[in-house]
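What the coordinates show
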Amino acid sequence: MSYVEASGLAKKYGNATIFQDIHFSLRKGEFVTLLGPSGCGKSTLLRSLAGLTDIDAGCIRVDGEDITRAAPQKRGIGMVFQSYALFPNMSVEQNIAFGLKLQKLPGSEIARKVADVIRLVALSGKEQHYPHELSGGQRQRVALARALVVEPRILLLDEPLSALDARIRKSLREQIRDIQQRLGLTTVFVTHDQEEALTMSDRIFVMDQGRIVQEGSAEMIYTRPATEFVARFMGSYNLLTPTEASRLLQLETRGHLAIRPEAIQIFTPGQAYPAHLSAPLPATIRQHQLLGNVIRYQVQAHGITLQVDQLNRRAEDLLAAGTEVNLMIDQQQMREVH
Amino acid sequence: MRAELYHRSVVAVLILLLTVPVLATLLYSLSEHWGATILPDDLSLSWYLQLWQDSAFLAAFGRSLAVCLGTLLLATLIIVPAVFVVFYRFPGLDKLMNALILIPFAVPPVVTSVGLLNIYADGPLNITGTPWILVGCYFTIALPFMYRSLANSLASINVRDLMDAAHLLGASTPVAFLRVILPNLRKGLMASLFLAFSFLLGDFVFANLLAGSHYETLQVYLYNMRQTSGHFTSAIVMSYFLFTLFLTWLTARFSK
Ligand SMILES: Nc1ncnc2c1ncn2[C@@H]1O[C@H](COP(=O)(O)OP(=O)(O)OP(=O)(O)O)[C@@H](O)[C@H]1O
Ligand SMILES: [Mg+2]
């Protein structure tokens, strides 16, 4: 039984279609990520769910209740904005208490709830600070606390981490996921960062030009992209045109052939290789990039350049440009995409 | 070294130029007589006492305050919501507003006055010679100060996101405006109010042409007193000067 049900959502600004034909359903407590490039309509879709932007067509149901035309105040939806949107004239405590005060709760209850949520997001000691006195990560956690404290039915997060530096982003993303799971909160998270989507989500919706082009678990989306766009967007997939595929692998395809860089293995001459994979493909190393624990080689075979990732085990194993090697490609890991 | 000396002397001369007239006026207003000597004879506050006991002066001062404060109250009630609506609902209108608010400054006051006199001297709205025409006219003078200052305050916060966040937390639009937006406008509003106030209090042209002796404001009173003793008018000028100085100080405090 799905908790949130969206069907046929569409939105235009003038003649420009921002999104259309959006269908999805969310289970209660699920963490779903809307992943897509800049300008594909993620924020607009999120704002429509919250009731901040009108939609032209479609229907949104939460827990069986039609909220398509409900005012934002009546939807029970919380949102964290990319800009934080903290009230500059209020302290951390006042920001968080804002929603509770509007509910006219007794003061002691407000104080208790605010204290609880401040502990939850690890902001103890900052209660009296004003937003401009906080770091980016702290502001983001205040925004999260402010949205959480009113106990929304759904939490929407619009690129909450994109303004932060890499280290804080990683730790905050674990914190958000942890809090979400502890509270069992149905959450829609928007990002254009595929790594963020892969590490956090129960399910990912990939958006392109106002449409959801693929949905599925992180593993699914990563290993089995449905379209060329998803394959390109999810990482450094090798995409072979049908002619290249037949030249390189003698495979007849109608669409592009997508091969992940880590699904290709490199064997130096004389190195034994398992025969059950495919026929070895002679190739030449062109150059390499060090990505930390992984080395990404640019390898040329039959005039086609492929990217191949290898674990960076020992510095001595590094293959110099010009080295002749054999490639083995796991047929199971190839995907035909359109 | 020489350059520094030069800079210092330029500044010194400038300060001297600006302060000497004020100091001289102050001294003049404090002296009973100032005849053939370099310094005045007997210092006293008698001119001030006479001034502050003159009912015509107090009435004129009161009228000026009433017109200025009334104008600013009206302006606050109209302009604050208007700027908010422009920024929140119709951001495209900001350009138009910026052009509109320049008009009162682009047209010389005398031209404006003649036009206003033509329109409001008879016909359905016969308000020349009353404070109302001054309130209306002063409103257009206060508008640029207040609009620009409020617009700057609004531009420094993310109005749409703040309103959206407040809405999602359960606030209606008026509540969100009062609790979330308005407090951030306080400084800009206060600063522009003081600025507009001292500007309006100093107006002579409009007050004289539109209301004149029918509604004698401070500046018109000062003008009408020009034939009396110089010591007396000096006392008027100094009183006025100290009052605006005080306002300027308040402005500086509030715009920090
Ligand atoms: N109020 C509006 N009026 C007209 N066009 C708009 C409006 N808001 C958004 N758009 C357009 O809708 C498209 C999608 O915008 P949206 O903000 O939803 O993208 P996004 O996927 O969130 O991008 P990003 O990752 O950069 O935030 C953009 O092309 C944008 O120009
Ligand atoms: Mg966005």
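Note that the structure is predicted; figures quoted are calculated from it, not measured. (Residues numbered from 1 in each chain as written. Chains lettered and ligands numbered in written order. Predicted model: local features only at pLDDT ≥ 70, side-chain atom pairs only at ≥ 80, totals over all residues. Heavy atoms only, no water.)

**A short note on the overall build of chain B**
In terms of helices and strands, chain B carries 12 helices and 0 strands. Walking chain B from its N terminus toward its C terminus, one meets helices and strands in the order α-α-α-α-α-α-α-α-α-α-α-α. Taking 18 Å as the expected radius of gyration for a compact globule of 256 residues, we find that chain B reaches 23 Å, considerably beyond that expectation. The proportion of buried residues among the 256 residues of chain B is 40%. Distance from the positive charge centre (13 side chains) to the negative charge centre (11 side chains) of chain B: 16 Å. (Helix = DSSP H or I, 4+ residues; strand = E, 2+ residues; numbered from the N terminus. Rg over C-alpha atoms; globule rule 2.2 N^0.38 Å. Buried < 20%, exposed > 50% of the residue type's maximum accessible area, 1.4 Å probe, protein only. Lys, Arg positive; Asp, Glu negative; His and termini not counted. Charge placed at Lys NZ, Arg CZ, Asp CG, Glu CD.)

**Quick notes on the pairing of strand β16 (residues 304–311) of chain A**
Residue and element names in this part refer to chain A. Sheet topology note: the strand β15 (residues 294–301)/β16 ladder contains 8 bridges and is antiparallel. Paired with Y297 across the bridge in β16 is V308. Here β15 folds back onto β16 in antiparallel fashion, the turn holding 2 residues, of which H302 has a positive phi close to 50°. (Pairing = 2+ DSSP bridges.)

**Considerations on the sheet that holds strand β12 (residues 256–259) of chain A**
All names here are of chain A. Taken in spatial order, the 3 strands make up an open sheet running β11-β12-β18, and their pairing is antiparallel. Either end of the sheet is taken by a strand with one partner, and the two such strands are β11 (238–240) and β18 (335–337). If you compare each strand with its neighbour and ignore which way they point, the axes differ by 30° on average. Alignment of β12 against β18, held across 3 bridges, turns out to be antiparallel. Residue pairing in the sheet places H256 in a bridge with V337 of β18. Each of β11 and β12 is contacted by helix α9 (residues 242–249), which is oriented at about 100° to β11, the strand it contacts most. (Axes fitted to C-alpha atoms, helices over the stretch in contact; angles between N-to-C directions. Contact = heavy atoms within 4.5 Å.)

**Points about the sheet that holds strand β1 (residues 4–13) of chain A**
All names here are of chain A. Reading across from one edge, β2-β1-β4-β5 is the order of the 4 strands in this open sheet, with antiparallel pairing throughout. Either end of the sheet is taken by a strand with one partner, and the two such strands are β2 (16–26) and β5 (65–66). Both β1 and β2 contribute to a ladder of 7 bridges, which runs antiparallel. In the strand pairing of β2, K12 is matched with T17. In the packing of helix α1 (residues 42–50) onto the sheet, contacts are made with β1, β2 and β4 (57–62), and the angle to β2 comes to roughly 60°.

**Details of the packing of helix α2 (residues 92–102) of chain A against helix α4 (residues 136–148) of chain A**
All names here are of chain A. Put simply, α2 and α4 touch, their axes get as near as 7 Å, and they point 25° apart. When the axis of α2 is compared with that of α4, the two are roughly parallel. Classified by chirality, the crossing of α4 by α2 is right-handed. Contact residues: V92, N95 and I96 in α2; V142, A145 and R146 in α4. Split into classes, the residues belonging to the contact of α2 with α4 amount to 4 nonpolar, 1 polar and 1 charged. (Parallel < 35°, antiparallel > 145°, perpendicular 65-115°, else oblique. Left-handed = near helix turned anticlockwise from the far one by under 90°. Nonpolar A, V, L, I, M, F, W, Y, C, P; charged D, E, K, R; others polar.)

**Regarding the UniProt feature "domain: ABC transmembrane type-1" (unreviewed entry) in chain B**
According to UniProt, the positions carrying the feature "domain: ABC transmembrane type-1" (unreviewed entry) are residues 61–251 of chain B. As a span, residues 61–251 of chain B carries 80% helix and 0% strand, and end to end its C-alpha atoms are 21 Å apart. (UniProt positions renumbered as here; feature names shortened; annotations may be inferred.)

**Side note on the interface of chain A and chain B**
Counting residues at the interface gives 21 residues for chain A, matched by 19 residues for chain B. Here chain A and chain B share an interface that buries about 1,700 Å² over both sides, 66% of which is from carbon and sulfur atoms. The three residues of chain A that bury the most area against chain B are A:Q73, A:F98 and A:L102, which together make up 29% of that side's buried surface. Counting across the chain A and chain B interface gives 1 salt bridge. The salt bridge involving A:R47 is made with B:D164; its shortest N-O contact spans 2.8 Å. Between chain A and chain B we count 5 residue pairs in polar contact (both at pLDDT 80 or more) in total. Mapped by element, the contributors of at least two residues to the side of chain A that touches chain B are α1, β6 (77–80) and α2 of chain A. If you tally residues by element for the side of chain A that touches chain B, the top one is α2(A), at 4 residues. Of the residues that constitute the side of chain A that touches chain B, the class distribution is 14 nonpolar, 4 polar and 3 charged. (Buried area = accessible area lost by both parts, 1.4 Å probe. Salt bridge = Lys/Arg side-chain N within 4 Å of Asp/Glu carboxyl O. Polar contact = N/O pair within 3.5 Å; in protein donor to acceptor, adjacent residues only side chain to side chain.)

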